[in-house]
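Summary of structural features
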Amino acid sequence: MLDQARRALIASSRSDVPPFIVMDVMAAAARIEARGGRVVHMEVGQPAASAPKTAREAAKAALDLGDIGYTQALGIPPLRQRIARHYGETYGVAVEAERVVVTTGSSAGFILAFLALFEPGDRVALASPGYPPYRHILTALGCEGVPIEISAATNWSITVDALLAAHREKPLQGVLVASPANPTGTMMRAEALAELIAAAETQGIRFISDEIYHGLDYAFPAATAAKFSAQAVIINSFSKYFCMTGWRVGWMVLPDALLRAVERLQQNLSISVPTLSQIAAAAAFDGRAEMEAVKHGYEENRRILVEGLPRAGLDKFLPVDGAFYLYADVSRFSRDSLDFAKRMLEEAGVAATPGIDFDPVHGKEFLRFSYAGSAADMREAVERIGAWLR
Ligand SMILES: Cc1ncc(COP(=O)(O)O)c(C=O)c1O
């Protein structure tokens, strides 16, 4: 009896995933602000701008009509068609609307994709540093994220050699890449992406491409995996380029063979994606001019940091190719990025995310700065960090 009762109180081992440390930084920043202190926020990876006006207007009109019921599990046809058209317009790649599945943010896309692709125990290669939920979602589903260390020597991405070496050590069933990536802000060249996809597919390793930061590319245009393979699973979202984090709407482009499985999963797991958000997302594509202006703001922020941080003392960082992240090496000052982030927050009033959130090994020497805020904030951060490190 006692044993049974005790078991009922313990969470399952697969739910035992680590928390997001950035949340601790946010809580500490909130405490400083509650005391009346000033904090420049560079810890959170979300746009400060609102969703495009076109999206907000479409949502308002739909709300006034009041007809907000369930939708088809794979998404409303106008949105699936509009997303398919986007591939032709943006990348010159033909994608049929039937292969597009609307999801509750890209986060739900990962759950659906992993469930449809992998068996419990399957191993999926992930770049380290990388976005922590990839690994944690895999863990919760009984699969294993296999970290592949990336560095300047590998152009900050998983190389064919590294993938094949990990596969030889113990077979992999999948590999997931993001370009632009979080937290590094680095990107893969189209040729490198194409080579990696070809190598993975030759070995029967399923390829997943997280393209959530597409549209936010500054160094060179981001390439879609859809251009190189009809077997790759592409995951994307309205959260970043379209500034729609809270609307919780994203999409996948799937190989034909997975469509019915994902449809059945979505029917059972969530029935459908929030209707209002789908309607808004379809209209978001008409607000691209507004979003391009937001992107120009990030470009200016990027320029301020790339020029200003070295003067402030942080002169070692990864190529600032895309997304809105700058990943800085702080090992000159500290080998404990959590402590460094805490002190920078308390003493300089600048909040950034310690690298240990993204890389348990080398993350102790890195900080991630998000430049999704205002140009004035970027200038202030450079000033404050410079004065603090001097
Ligand atoms: C690389 C990456 N992928 C996916 C997500 C999840 O975003 P969403 O669920 O809002 O689409 C994020 C969020 O920060 C991210 O940085």
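Scroll up for the structure.
I will try to describe carefully the structure that is included in this document. (Residues numbered from 1 in each chain as written. Predicted model: local features only at pLDDT ≥ 70, side-chain atom pairs only at ≥ 80, totals over all residues. Heavy atoms only, no water.)

**Comments concerning the overall build of the chain**
Within the chain, the regular secondary structure consists of 13 helices and 12 strands. Taken over C-alpha atoms, the radius of gyration comes to 21 Å for the chain, in line with the 21 Å a tight globule of 390 residues would show. Counting only C-alpha atoms and orienting by the principal axes, one finds that the chain spans roughly 60 × 60 × 55 Å. Looking at the chain as a whole, 53% of its 390 residues are labelled buried. Surface summary for the chain: the accessible area is close to 17,200 Å², and the carbon and sulfur share equals 53%. Counting 39 positive and 44 negative side-chain charges, the chain places the centres of these two groups 2 Å from one another. (Helix = DSSP H or I, 4+ residues; strand = E, 2+ residues; numbered from the N terminus. Rg over C-alpha atoms; globule rule 2.2 N^0.38 Å. Buried < 20%, exposed > 50% of the residue type's maximum accessible area, 1.4 Å probe, protein only. Areas by Shrake-Rupley, 256 points an atom, 1.4 Å probe, with all protein chains shown as cover. Lys, Arg positive; Asp, Glu negative; His and termini not counted. Charge placed at Lys NZ, Arg CZ, Asp CG, Glu CD.)

**Side note on the packing of aromatic side chains**
Two descriptors summarise a pair of aromatic rings, namely the distance from one centre to the other and the angle between the planes of the rings. Enumeration over the complete set of coordinates arrives at 19 aromatic pairs. When the ring of Tyr 298 is compared with that of Phe 324, the centres are 5.3 Å apart and the planes differ by 70°; the resulting orientation is edge-to-face. With Tyr 298 in helix H11 (residues 288-312) and Phe 324 in the loop between H11 and strand E9 (325-329), the pair connects residues that are 26 residues apart, well separated along the chain. Considered together, Tyr 298 and Phe 324 belong to a single accessibility category, that of buried residues. Ring pairs connect the aromatic residues Phe 110, Phe 114, Phe 118, Tyr 131 and Tyr 134, which therefore count as one cluster. Between Arg 189 and the ring centre of Phe 220, over which it is positioned, the NZ or CZ distance is 3.8 Å. (Phe/Tyr/Trp six-rings, centres within 6.5 Å; stacked < 30°, edge-to-face > 60°. Lys NZ or Arg CZ within 6 Å of the ring centre and 35° of its normal.)

**A short note on unusual backbone geometry**
Along the chain, Ser 128 connects to Pro 129 via a cis peptide bond; the corresponding omega equals 5°. With respect to the helices and strands, the residue Pro 129 is situated in the loop between strand E3 (123-128) and helix H6 (132-140). Looking along the chain, the bond that leaves Ser 179 and enters Pro 180 is cis, with omega of -5°. The residue Pro 180 is located in the loop between strand E5 (174-178) and helix H8 (190-202) in this model. Its identity is not glycine, yet Trp 156 carries a phi of approximately 55°, on the positive side. Among the residues examined, Trp 156 registers a relative accessible area of 17% and is labelled buried.

**Section: the site of the ligand**
With respect to spatial proximity, 14 residues lie near the ligand, and among them Ser 107, Asp 210, Tyr 213, Ser 237 and Ser 239 are the closest. One of the side-chain N or O atoms of Ser 237 is found 2.7 Å from an oxygen atom in the ligand. Residue Ser 239 places a side-chain N or O atom 2.6 Å away from an oxygen atom belonging to the ligand. Taken by itself the ligand offers 400 Å² of open surface, and the protein chains cover 92% of this. The element contributing the most residues to the shell around the ligand is helix H5 (residues 105-117), with four residues. By residue class, the composition of the shell around the ligand is five nonpolar, six polar and three charged. (Near = heavy atom within 4 Å. Polar contact = N/O pair within 3.5 Å; in protein donor to acceptor, adjacent residues only side chain to side chain. Nonpolar A, V, L, I, M, F, W, Y, C, P; charged D, E, K, R; others polar.)

**A closer look at the packing of H11 against helix H13 (residues 375-389)**
Put simply, H11 and H13 touch, their axes get as near as 9 Å, and they point 10° apart. Here H11 lies roughly parallel to H13, going by the angle between them. Residues Glu 300, Asn 301, Ile 304, Leu 305, Gly 308, Leu 309 and Ala 312 of H11 pack against Ala 375, Met 378, Arg 379, Val 382, Ile 385, Gly 386 and Leu 389 of H13. Tallied by class, the residues present in the contact of H11 with H13 amount to nine nonpolar, three polar and two charged. (Axes fitted to C-alpha atoms, helices over the stretch in contact; angles between N-to-C directions. Parallel < 35°, antiparallel > 145°, perpendicular 65-115°, else oblique. Contact = heavy atoms within 4.5 Å.)

**A word on H6**
Because an α-helix completes one turn every 3.6 residues, residues spaced three or four positions apart along the sequence face the same direction. Within H6, the full set of buried residues consists of Pro 132, Tyr 134, His 136, Ile 137 and Leu 138. Looking at the packing, one finds that the buried side of H6 touches H5, E3, strand E4 (144-149), E5 and strand E6 (206-210). Of the residues one or two after H6, Gly 142 is the one with positive phi, at around 85°.

**A short note on the pairing of E9**
Among the five residues of E9, five are classified as buried, and the element is accordingly described as predominantly covered. In E9, alternate side chains face the same way, and those of Tyr 325, Tyr 327 and Asp 329 on one face and Leu 326 and Ala 328 on the other are all buried. Here E9 runs beside strand E12 (residues 366-370); their pairing, made up of five bridges, is antiparallel. If you follow Tyr 327 over to E12, its bridge partner there is Arg 368. (Pairing = 2+ DSSP bridges.)

**Some details on the sheet that holds strand E8 (residues 250-253)**
Taken in spatial order, the seven strands line up as E2-E8-E7-E6-E5-E3-E4 in an open sheet, and their pairing is mixed. Since the sheet does not close on itself, it has two edges, and those belong to strand E2 (100-103) and E4, each with one partner. The sheet shows a mean angle of 25° between the axes of neighbouring strands, taken without regard to direction. Where E3 and E5 come together, three bridges link them in parallel fashion. For Val 124, the partnering residue across the bridge sits in E5 and is Gly 174.

**Some details on a nonpolar patch on the surface**
On the surface, Ile 111, Leu 115 and Leu 269 cluster together into a nonpolar patch covering about 240 Å² of accessible area. With respect to the helices and strands, the residue Leu 115 is situated in helix H5. (Patch = residues over 30% accessible without salt bridge, like charges linked within 9 Å, V, L, I, M, F, W, Y side chains within 5 Å. Salt bridge = Lys/Arg side-chain N within 4 Å of Asp/Glu carboxyl O.)

By themselves, these figures tell us nothing about what the structure is for.
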